[in-house]
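Structural characterization, general
Here is how the chains run, residue by residue.
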Amino acid sequence: MSSSRREFLKKATAVGAGAFATGIIPSRLVNDAVAQGKTVAIASANGVQAVTRAMELIRSGADALDAVIAGVNIVENDPNDTSVGYGGLPNELGVVELDAAVMHGPTHRAGAVASLRNIKNPSKVARVLLERTDHVLLVGEGALQFAKAHGFKEEDLLTDLARDEWLRWKENLSTKDDWLPPHDENSKDIGGLFEPFFRNTGTIHCSAIDQKGNISCVTTTSGLAYKIPGRVGDSPIIGAGLYVDNQVGAAGSTGRGEANLINCSCVMIVEYMRQGKSPEQACLEVCKRIVDNNKMRRLKFDDGRPNFNVKFYAVNNKGGYGSCCIYEGGEFAVHDGTSAKYVPSAYLYAKHPQLR
Ligand code: GLY
């Protein structure tokens, strides 16, 4: 075992020696050494097709920004991915609202849209905003009008699959309202949820390095399922749900957006990489920071650990990459120029007994 790996494991174990037991299986610790100068595309676990497409384009000479957007468009268009784009789970009123941001390393420009209705590729709208305005973020009706001005077509994004999921949520929300799930004369206590209920915060993030060594990234999502209309998560917020510094690397996130908004998570990951940490170590540091800053009892299990998860993905400017989640069980998609594969993410804590 190398001394840096020993040192990392020692530090990682020390985290768990405090209040909580910690299990850490670092997925990759030596990428910086092995990946010098390589093209790479990394994404959340729902992004294996995205990294494959991104790498095809990079190999044909495309800019990393074009590559990552084309990659995530596949997932935005997929009706079976209920966390992104068309078919994403709706807000509490049953209306799909999408968030996305893009960031271009070489020019350090960004574009983002939030609470965008009826347009299935918010990442493309974010890209037009980057190229053709002086703004970085448009929301709601303004974002929709901007998209329409640029020829994006409005369509109903709510699929039957997502509507059924939303109805199940609404009918099981409370015993104190009039929406009920299907029941019969023997049903008792219907309409309320009697077990911890974890809301969907699926998202896709993709970062890539192109043949010129330039880095860009995108994050796109339908956000927290059944959110209050107008809720904006971390995905369209530069520094929270994604960030790139072309001299250092890029980072992105999926999971509880509120935790990333109040910890500026992705800019922190890039700053940790600037200080010399590997992508995986940098992601781990921010997981620890989120846990340290999680003060609210309602956001903790009985043992004090967070009752939510956050997942990070990072690449550095040498082609090194890594990922870390607060809880065990995560994985990510990567294309290292040879093939696309799933890789287990490192984690701060072993799976929590109260997590399904
Ligand atoms: N991370 C996605 C969201 O919270 O909206």
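Refer to the preceding data block for the structure.
The text that follows walks through the structure, step by step, so that each part is easy to find. Per chain, residues are indexed from 1 in the order of the written sequence. The model is predicted, so local features are restricted to residues of pLDDT at least 70 and side-chain atom pairs to those at 80 or more, both for listing and for counting; the totals for chains, interfaces and linings are taken over all residues. Side-chain calculation: all heavy atoms of the structure are included, whereas hydrogens and water are not.

Counting from the N terminus, the helices are DSSP H or I runs at least four residues long and the strands are E runs at least two residues long. Each helix and strand in the chain was counted, giving ten helices and 13 strands. Here's how the labels work: a residue is buried when its accessible area is under 20% of the maximum for its type, exposed when over 50%, partly exposed in between, all with a 1.4 Å probe on protein chains only. Counting only residues that meet the buried cut, the chain has 54% of its 356 residues in that class. In this description, contact between two residues means that some pair of their heavy atoms is separated by no more than 4.5 Å. Contacts spanning at least 24 positions in sequence make up 65% of the contacts within the chain whose residues lie at least 6 apart. Accessibility throughout is a Shrake-Rupley quantity obtained with a 1.4 Å probe, and a residue counts as covered only by protein chains that appear here. Accessible surface, the chain as shown: approximately 15,300 Å² in total, 50% of it carbon and sulfur.

Residue position: Val 270 is located in helix H9 (residues 265-274). Given the relative accessible area of 0%, Val 270 is considered buried. In sequence terms Val 270 and Ala 251 are 19 residues apart; their C-alpha atoms lie 6.5 Å from each other. Residue contacts for Val 270: discarding those within four places in its chain leaves Tyr 243, Asp 245, Val 248, Gly 249, Ala 250 and Ala 251.

All right, on to helix H4 (residues 64-76) then. Here a helix's expected span is defined as the number of its residues, less one, multiplied by 1.5 Å. Helix length check: H4 (13 residues) gives 18 Å between terminal C-alpha atoms against 18 Å at 1.5 Å per residue, within 8%. Burial of H4 is extensive: ten of the 13 residues sit out of reach of the surface. If you check which residues of H4 are buried, you get Ala 64, Leu 65, Ala 67, Val 68, Ile 69, Gly 71, Val 72, Asn 73, Val 75 and Glu 76. Where H4 is buried, its residues touch helix H3 (48-59), strand E2 (98-104), helix H5 (122-132), strand E5 (204-209) and strand E6 (215-221). The residue sitting at the N-terminus of H4 and contributing the capping side-chain oxygen is Asp 63; that oxygen lies 2.8 Å from the backbone nitrogen of Leu 65. We call two N or O atoms a polar contact when they sit within 3.5 Å, provided that within protein one can donate a hydrogen and the other can accept it, with sequence-adjacent residues counted only if both atoms are side-chain atoms.

This next bit is on the packing of aromatic side chains. Any two of the Phe, Tyr and Trp rings considered here, Trp counted by its six-membered ring, make a pair once their centres fall within 6.5 Å; the pair's planes then place it as stacked at under 30 degrees, edge-to-face at over 60, or tilted in between. In total, this model carries three aromatic pairs according to the counting rule given. Taking the centre distance of 6.2 Å and the plane angle of 70° together, the rings of Tyr 321 and Phe 332 count as edge-to-face. Of this pair, Tyr 321 sits in strand E10 (residues 321-327) while Phe 332 sits in strand E11 (residues 331-335); the two residues are eleven residues apart in sequence, bridging distant segments of the chain. Here Tyr 321 matches Phe 332 in class, with each residue buried. Seen from their ring centres, Tyr 327 and Tyr 349 are 5.8 Å apart, and the 45° between their planes marks the pair as tilted.

Only protein atoms enter the 1 Å grid, on which a cavity is a set of points fitting a 1.4 Å probe that cannot get out and a pocket is an open set with protein on both sides within 12 Å along at least 5 of 7 lines, lining residues being those with an atom within 4 Å of a point. Grid points are joined across faces, edges and corners, and a volume is the space filled by probe spheres set on the points. Applying the stated criterion across every chain, the model contains one cavity of 30 Å³ or more. Estimates place the volume of the largest cavity at around 60 Å³. Note that Gly is not counted as nonpolar here; it falls among the polar residues with everything else outside the nonpolar set of Ala, Val, Leu, Ile, Met, Phe, Trp, Tyr, Cys and Pro and the charged set of Asp, Glu, Lys and Arg. Considering only residue class, the lining of the largest cavity consists of one nonpolar, eight polar and three charged.

Now for the site of the ligand. Nearness is defined per residue: one heavy atom within 4 Å of the molecule or strand is enough. Around the ligand, the neighbouring residues are Thr 201, Thr 203, Gly 223, Leu 224, Arg 231, Gly 233, Asp 234, Ser 235, Gly 255 and Gly 257. Between the ligand and Gly 255 there is a distance of 2.7 Å, counted from a nitrogen atom to a backbone nitrogen or oxygen. Contact distances for the ligand include 3.0 Å between an oxygen atom and a backbone N or O atom of Gly 257. Within the complex, the protein chains bury 100% of what would otherwise be the 200 Å² of accessible surface of the ligand. Just a note on the criterion: a molecule sits in a pocket or cavity if more than half of its atoms are within 2 Å of the grid points. At a threshold of 2 Å from the grid points, most atoms of the ligand map onto the largest cavity. Each residue belonging to the shell around the ligand can be placed in one class, and the counts come to one nonpolar, seven polar and two charged.

The subject of this paragraph is the pairing of strand E7 (residues 242-245). Of the two faces of E7, the one carrying Leu 242 and Val 244 and the one carrying Tyr 243 and Asp 245 are both buried. In this sheet, strand E8 (residues 249-255) lies alongside E7 in antiparallel orientation, the contact comprising four bridges. Bridge pairing in E8 links Leu 242 to Gly 252. Here the rule is simple: two strands pair whenever DSSP picks up at least two bridges between them.

Moving on, we come to the pairing of E10. Burial runs high along E10: seven of the seven residues are buried. Where strand E9 (residues 310-316) and E10 come together, five bridges link them in antiparallel fashion. Bridge pairing links Ala 314 to Gly 322 in E10. The antiparallel hairpin formed by E9 and E10 contains four residues in its connecting segment, where Gly 319 sits at a positive phi of about 95°. As defined by bridge partners, E10 adjoins strand E13 (residues 346-349) across three bridges and the pair is classed as parallel. In the sheet register, Tyr 327 faces E13, and the bridge partner there is Tyr 349.

Here the focus is the sheet that holds strand E1 (residues 40-44). Hydrogen bonds between backbone groups are what pair the strands of a sheet, and the pairing can be parallel or antiparallel. Spatial ordering of the open sheet is given by E4-E3-E2-E6-E5-E1-E11-E12, a layout of eight strands whose pairing is mixed. Bordering the open sheet on either side are strand E4 (137-139) and strand E12 (340-344), each of which pairs with just one other strand. Adjacent strand axes in the sheet meet at a mean angle of 15° when their direction is disregarded. When strand E3 (residues 109-116) meets E4, the two strands line up parallel, connected through three bridges. Among the inter-strand pairings, Ala 112 is bridged to a residue of E4, identified as Leu 137. Between the N-to-C directions of two axes lies an angle of 0 to 180 degrees, each axis being a line fitted to C-alpha atoms and, for a helix, fitted only over the stretch in contact. Where helix H6 (residues 140-149) meets the sheet, it contacts E3 and E4, and its direction lies at approximately 105° from that of E4.

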